[in-house]
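What follows is the residue order along each chain.
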Amino acid sequence: MDAIDAARSVVAEHHPDARAAFLGGSVVTGRRTAMSDLDIVVLLQGPPAPYRVSLQSGEWLVEMFVHTEATWHAYIQREVRKRRSPLLWMCADGILLFDNDGVGTHLAAEARKLTAAGPPVVAAEEIDDRRYAITDLLDDLAGSTDQGERLFIATELVRRTGELALTAGGSWNGGGKWLARRLETTAPGLGMRLHDGLGEVLAGRMEPLAAVVDEVLEEVGGRLWVGYKRGGTP
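Residues numbered from 1 in each chain as written. Predicted model: local features only at pLDDT ≥ 70, side-chain atom pairs only at ≥ 80, totals over all residues. Heavy atoms only, no water.

1. Quick word on a nonpolar patch on the surface
Right, on to step 1. Together, Leu151, Phe152 and Leu202 make up a nonpolar patch on the protein surface, roughly 300 Å² of accessible area in all.
Right, on to step 2. Take Phe152: it is sitting in helix H6 (residues 147-168).
Right, on to step 3. Here Phe152 falls in the exposed class, since its relative accessible area comes to 63%. (Patch = residues over 30% accessible without salt bridge, like charges linked within 9 Å, V, L, I, M, F, W, Y side chains within 5 Å. Areas by Shrake-Rupley, 256 points an atom, 1.4 Å probe, with all protein chains shown as cover. Salt bridge = Lys/Arg side-chain N within 4 Å of Asp/Glu carboxyl O. Helix = DSSP H or I, 4+ residues; strand = E, 2+ residues; numbered from the N terminus. Buried < 20%, exposed > 50% of the residue type's maximum accessible area, 1.4 Å probe, protein only.)

2. Some thoughts on the sheet that holds strand E5 (residues 95-99)
Right, on to step 1. Ordered by their spatial adjacency, five strands build an open sheet running E3-E4-E2-E1-E5, and the pairing between neighbours is mixed. Of all strands in the sheet, those with a lone pairing partner are strand E3 (51-57) and E5, marking the two edges. The sheet shows a mean angle of 20° between the axes of neighbouring strands, direction not considered.
Right, on to step 2. Here strand E1 (residues 20-24) pairs with E5 via four bridges, running antiparallel. Each residue of the ladder has a partner; that of Phe22, found in E5, is Leu96.
Right, on to step 3. Of the strands in this sheet, E1, strand E2 (38-44), strand E4 (60-68) and E5 touch helix H3 (residues 86-93), which is tilted by about 90° from E2. (Pairing = 2+ DSSP bridges. Axes fitted to C-alpha atoms, helices over the stretch in contact; angles between N-to-C directions. Contact = heavy atoms within 4.5 Å.)

3. Quick look at the packing of aromatic side chains
Right, on to step 1. Within this structure, the stated rule accounts for three aromatic pairs.
Right, on to step 2. For the ring pair Trp89 and Trp172, a centre distance of 6.4 Å and an interplane angle of 90° mean the geometry is edge-to-face. A residue pair is termed long-range when its members are at least 10 positions apart, and Trp89 in helix H3 and Trp172 in the loop between H6 and helix H7 (177-186) qualify at 83 residues.
Right, on to step 3. Pairing Tyr132 with Tyr228 gives two aromatic rings, centres 4.1 Å apart and planes at 10°, and the pair type is stacked. In this pair, Tyr132 sits in helix H5 (residues 124-143) while Tyr228 sits in the segment after helix H9 (207-218), placing the two residues 96 residues apart along the sequence.
Right, on to step 4. Tyr132 sits in the partly exposed class, given a relative accessible area of 23%.
Right, on to step 5. Judged by relative accessible area, which is 24%, Tyr228 ranks as partly exposed.
Right, on to step 6. Ring pairs connect the aromatic residues Tyr132, Trp225 and Tyr228, which therefore count as one cluster.
Right, on to step 7. Sitting over the face of the ring of Tyr75, Arg78 holds its NZ or CZ atom 4.5 Å from the ring centroid.
Right, on to step 8. The aromatic ring of Trp178 is capped on one face by Arg181, whose charged end is 4.6 Å from the ring centroid. (Phe/Tyr/Trp six-rings, centres within 6.5 Å; stacked < 30°, edge-to-face > 60°. Lys NZ or Arg CZ within 6 Å of the ring centre and 35° of its normal.)

The following block contains the structure:
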């Protein structure tokens, strides 16, 4: 059974009264792999939404995200503030499996409008928080003599630097493979340079990765340590 038919079958089995449903994720793109699952967004009129569940249907692994129209909006608002919304992209770029009352078409249009508008602007204070955290990691990497520590410090540096590059480029954020994919568009070549820098760290050479990280930091003001201050909660 192909992905679209399988997704429709899953929704019919679990929520035959659904208002609309989307199939999103890698399975509907040219990046589909043998391990791609079915990411399905289902819109209900009421309970048991909202919930998410992971299950298997035949040969397919399935992740199902079940919402009402109201909870869809609530989740989108919360995720957009974080500049990362898998739910939004599943509805913006996904396939509308069916739409019984027009809600699917309406939410798809809204999702496309929001993704095209881009994420909210990041406050200067948040940029400084990221600069400080990355500077701290660079210092840890330079001072470490333990190969195990270097692995985890460098891995964290790669992730945080990729996220900072997306922020500096005004892009939506992403996690895992989606971080790499968004970097391809926002900062072409950076992902591979970070990859190569990580390999150098594992071979005992820290400078190449630090140089790439510093290039990204310079786009937002460079390293930050002295003078960084944040108030605590009473």
